[in-house]
Amino acid sequence: MRDGRTSTQASRHAFRQAPWRLQFRNTGRTVLGVIGLLVLGGVYLAVNAKVARAGRELLVLEGRRESLQRANSELSAALASATAPEIMRERAAYLSFHPAGPEDVDYMFVEGYSGEPGFDPPRPLSSISDRRSMLSPAYTETLGEWLARWLEGG
Amino acid sequence: MRLFKDRTRPAGEAPPRLRAVPEDDQPPLRSVRAGGQRRLRPIPPGGQPKLRQPSTLKPPGPRPTLHTSNGGARPLPRGAPFNPRGGFAGSPPLEPWLQRVSPRRIRLVMAMMGLMAAGLLMQLIRVQFGPYAPVFAARGDVGASRIEQVFPSRGLIYDRRGNLLAANASRYYLEVEIRQLSPISIRAIAEVLSRILVLPLEDLHAQLSVDWAARGQFRIRLTRTDQNGQTWPITVDKNVAGVLNNFLADPQAPDLSGLDLVPAPLRVYPAGNLAGHVLGFVNQEDEGFFGIEGYYDEWLSGKPITVERPMIPPEARLFPDPPAGVNLVLTLDLEIQQMVEIELQKAIEASGSESGQVIVMDPRNGEILAMAAWPTLDPNLYEPWLAKAGAEEPVITPAVAAQYEPGSTFKVLTMAAALDAGKVEPETEFVDEGQIEVGGNLIRNWDGSAWGPQTMLGCMKHSLNVCLAWVASEKLGASDFYSYLNAFEIGQLIGIDLAGEVPGQLRNTRHPEWTESDLGTNAFGQGVSVTPIQLLAAVGAVANHGLLIQPHLVRQVVGPQGAYSPQPTVLGRPITEETAQTLTDMLSTTLEGETPFAHVPGYLLAGKTGTAQVPTERGYDPNWTIASFVGWGPLPDVQFIILVRLDKPESSPWGSVVAAPVFQEVVERLVVLMEIPPDGMREGYAASH
């Protein structure tokens, strides 16, 4: 019995101390570490790739937005040029119209008529406040605000 | 012979056996633990290695193989001791040169490598966190981002009906990314641009061949040199930019790698020269000059912001837009403006005048409805206009900058002052002897004749200089006279929202060069300089029941937060309502007698002609005059006041002949455009309501 135990201990000792075993274990640990690093690196790379793609998309969209704004401005200018008073006058003359004088006009009083409606001018294209208002509250709400909203039962 | 444990035994073979290994020249090694680390130690001669019991729990895995010199491979014995000269026990002997390497040398090399690694680590820490870390960081950031000044879109300008008067388009700068250039693209860019833009090939090639990177520049803007040797950035319009972009996109086209078209704002004026003097212009640096563009430049241009735009996609982020410039809605009515400009052009051509202006204003609120000037200015082509003008300070907006001696139109203010001060009444009599001496200066009438007994009505009707000089000097006195002129804002900036306004010139009693003779001449509009807008505003007070309203051109300011409408500004009440009414009635009565050319059937109007001499360094020019007319209507509910000025007319020197008809023509069309029914209809409607 004792011999058997001694033999087992000796075997285990010999097994534990076996260099190939240690090498195998060390290699396994190293490989595990490397795999862990690779996983971490992979995740990091994936996240970075996503960020880069989003950044690239952002740059492209910003460029497109600026391009569209420029095109919009140029179209507005072109439209205004095409309907400039001088152009319209020439067109009217070509169609045999002439400017009306007092003798060409008959006046009629209309109750409640107060002349042409005023021009409602457009606001400037963009502003910081407009841009901020475009963001969802999910991105702007602070923890305190959320807590206050939650306490109020919102 | 030495005995070693045989570790090549396959699984399942129970008894370990000892096998003989040929004794080597060097003592074999064995693996021992020392200080927690495994080292190889030589086995002492005659020493017996400790044998270990083999494991029977599970079979050993595949063993590493040892490649032999003849290309074969055999398993490396497990735990084979290593001999630095002979390699692993059981393995083929190492190369002779390797056998000669001593362990001390190996340690030395390892120590050196360790030192180098430590040095590198230290350097890395120093670069990253040391005192010069910002310098290194800056070097690393070169080319990673670009500092840009982002300009907001310049505000738009509309007329009161919503017609676009000033808009934004684009032009393109030609920039080159130095790091993307190649010898082929340098040649191609230079050749293509030289042909399309007709620029010297050598100049372009020289710009592209400079070693910009050595100067720390990685992006340059191509320039051209004009005839005066001045260097300007090359800009192209959207058509040329389209051609170049097609080249860049087409793989078959010349290689223009590195060329980049950078858009920049370009101000355009769709109505061309219509209201060009009022609008002013914007230069290549997007700065507004003269007129509305100059006066509201800060508001229109917004506030540019500086951003560091990363060129690496992961670092891209959304930047806030710079605070936008406001949009402006002017009081101008483009239809009225066009009509007035056409009438002015006709008058200029008919009278052979050198230049002229017509201003139409609503005296009730000071809104300018039209402001025409000849020669016209197309703000899209302001550079040739400036070159043609030639003067050091060209008059871009004559209505506020071209001061002149108003002549008889100024008599309206003199009579208003005398009536308001109670010194005269419409029926006050005056005997005109053809001349009067004031301060030693002899004043005569415009025709040099004596008109005999006259009332104030007659004085205004016949525009008698002698009579008005008498009113100012004998009845009113210098103090009251200049006090009233001061109340009419003569000689002061009226404060209209147009850049380039001048105050005119008025020498009052406190002026060191003032003499009593000035009182006599000032009374009929000589020796005093005003701008057209000044005179219009002052006479507008007579048309507006005695209230002087500040003229203005902006009706609405539209910003990101909303629209703001400036309210009319009352500058004062120089005369009472009664005086204004009396004078208006007087001038309405006298108008028909003064000129037959200012009458519009169905509409009661008031007005005054003016013919002024042109002052020169040697006195007044005997050949040329400035013909003018100021009139308002329809009475009694005045809705417009018009000033006409023609400089140096050839057909006739008199305002009553050349300027009054312009007023007539303008009013005939104006009442239609402003939808003003004839007097009879209006009175009938008023009576029924």
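Here, every reference points to the structure presented above.
These numbers come from a predicted model, not from an experiment. (Residues numbered from 1 in each chain as written. Chains lettered and ligands numbered in written order. Predicted model: local features only at pLDDT ≥ 70, side-chain atom pairs only at ≥ 80, totals over all residues. Heavy atoms only, no water.)

Participant: Teacher, can you tell me more about the pattern of salt bridges here?
Facilitator: Side chains that differ in sign of charge can pair as their charged atoms come close. Throughout the structure, instances matching the rule amount to 23 salt bridges over all chains. E74 of chain A is the partner of K238 of chain B in a salt bridge, and the nearest nitrogen-oxygen pair spans 3.9 Å. One end of the pair, K238 of chain B, is in helix α6 (residues 238-249); the other, E74 of chain A, is in helix α2 (residues 19-82), on a second chain. Overall, the relative accessible area of 45% leaves K238 of chain B in the partly exposed class. Here E74 of chain A falls in the buried class, since its relative accessible area comes to 14%. Note that R179 of chain B and E177 of chain B form a salt bridge whose closest N and O atoms lie 2.9 Å from each other. Note on E177 of chain B: relative accessible area 10%, which makes it buried. Through salt bridges that share partners, E175, E177, R179, R219, R221 and D260 of chain B make up one connected network. (Salt bridge = Lys/Arg side-chain N within 4 Å of Asp/Glu carboxyl O. Helix = DSSP H or I, 4+ residues; strand = E, 2+ residues; numbered from the N terminus. Buried < 20%, exposed > 50% of the residue type's maximum accessible area, 1.4 Å probe, protein only.)

Participant: What is the right way to read the packing of helix α4 (residues 183-197) of chain B against α6 of chain B from this model?
Facilitator: Between two packed helices, what matters for the description is the angle formed by their axes and the separation of those axes. Residue and element names in this part refer to chain B. Closest axis-to-axis distance for the α4/α6 pair is 12 Å, and the angle between their directions is 155°. Considering their axes alone, α4 and α6 lie roughly antiparallel with respect to each other. As α4 runs across α6, the sense of the crossing is right-handed. Touching V192, L193, I196 and L197 of α4 are V240, V243, L244 and F247, all from α6. Looking at the contact of α4 with α6, its residues break down into 8 nonpolar, no polar and no charged. (Axes fitted to C-alpha atoms, helices over the stretch in contact; angles between N-to-C directions. Parallel < 35°, antiparallel > 145°, perpendicular 65-115°, else oblique. Left-handed = near helix turned anticlockwise from the far one by under 90°. Contact = heavy atoms within 4.5 Å. Nonpolar A, V, L, I, M, F, W, Y, C, P; charged D, E, K, R; others polar.)

Participant: Mind showing me how you'd approach the sheet that holds strand β31 (residues 606-616) of chain B here?
Facilitator: All names here are of chain B. With antiparallel pairing, 5 strands are arranged side by side in an open sheet as β22-β21-β33-β32-β31. This sheet does not close on itself; its edge strands, each paired only once, are β22 (367-374) and β31. On average, each strand axis in the sheet is tilted by 15° relative to the strand beside it, whichever way the strands run. Here 11 bridges tie β31 to strand β32 (residues 619-633), and the two strands are oriented antiparallel to one another. Counted as the bridge partner of P615 is Y620 from β32. Against the sheet, helix α10 (residues 334-351) engages β21 (355-362), β22 and β33 (640-647), with an angle of about 30° to β22. Each of β21, β32 and β33 is contacted by helix α21 (residues 660-673), which is oriented at about 145° to β33, the strand it contacts most. (Pairing = 2+ DSSP bridges.)

Participant: What's the story with the side chain of E343 of chain B in this structure? I'm lost.
Facilitator: Residue and element names in this part refer to chain B. Among the secondary structure elements, E343 is positioned in helix α10. A residue is classified by how much of its surface remains accessible, and E343, at 10% relative accessible area, is buried. Setting aside residues up to four positions removed in sequence, E343 forms contacts with E665 and V666.

Participant: In this structure, what is going on with the packing of aromatic side chains? I would like to understand it.
Facilitator: Geometrically, a pair of aromatic rings is defined through the distance of the ring centres and the angle of the planes. Residue and element names in this part refer to chain B. Inspection of the entire model under this criterion finds 14 aromatic pairs over all chains. Taking 6.0 Å as the distance between ring centres and 85° as the angle between the ring planes, the aromatic pair formed by Y482 and W514 counts as edge-to-face. Within this pair, whereas Y482 is found in helix α16 (residues 478-487), its partner W514 is found in the loop between α16 and α17 (516-522), the two being separated by 32 residues in sequence. The pair formed by Y482 and W514 is uniform in burial state, with each residue classed as buried. An angle of 40° between the planes, with centres 4.6 Å apart, marks the rings of F629 and F663 as tilted. Residue F629 is found in strand β32, and its partner F663 is found in helix α21; the two are separated by 34 residues along the sequence. Taken together, the ring pairs in this structure connect F281, F289, F290 and Y382 into an aromatic cluster. Directly above the aromatic system of W212 lies the positively charged group of R215, at a separation of 5.1 Å from the ring centroid. (Phe/Tyr/Trp six-rings, centres within 6.5 Å; stacked < 30°, edge-to-face > 60°. Lys NZ or Arg CZ within 6 Å of the ring centre and 35° of its normal.)

Participant: Is there a simple way to think about the interface of chain A and chain B in this case?
Facilitator: Each partner contributes residues to the interface: chain A has 49 residues there, and chain B has 64 residues. Around 4900 Å² of area is buried between chain A and chain B when both sides are counted, 63% of it from carbon and sulfur atoms. Taken as a group, Y107, F109 and F119 of chain A account for 15% of the area that chain A buries against chain B, more than any other trio of residues on that side. On inspection of chain A and its partner chain B, the count reaches 2 salt bridges. Across the chain A-chain B interface, the total number found is 8 residue pairs in polar contact (both at pLDDT 80 or more). Among the secondary structure elements, those contributing two or more residues to the side of chain A that touches chain B are α1 (2-17), α2, α3 (85-94) and α4 (128-134) of chain A. When residues in the side of chain A that touches chain B are grouped by element, the largest group, 20 residues, is from α2 of chain A. Split into classes, the residues belonging to the side of chain A that touches chain B amount to 26 nonpolar, 10 polar and 13 charged. (Buried area = accessible area lost by both parts, 1.4 Å probe. Polar contact = N/O pair within 3.5 Å; in protein donor to acceptor, adjacent residues only side chain to side chain.)

Shape descriptors only; they carry no functional weight alone.
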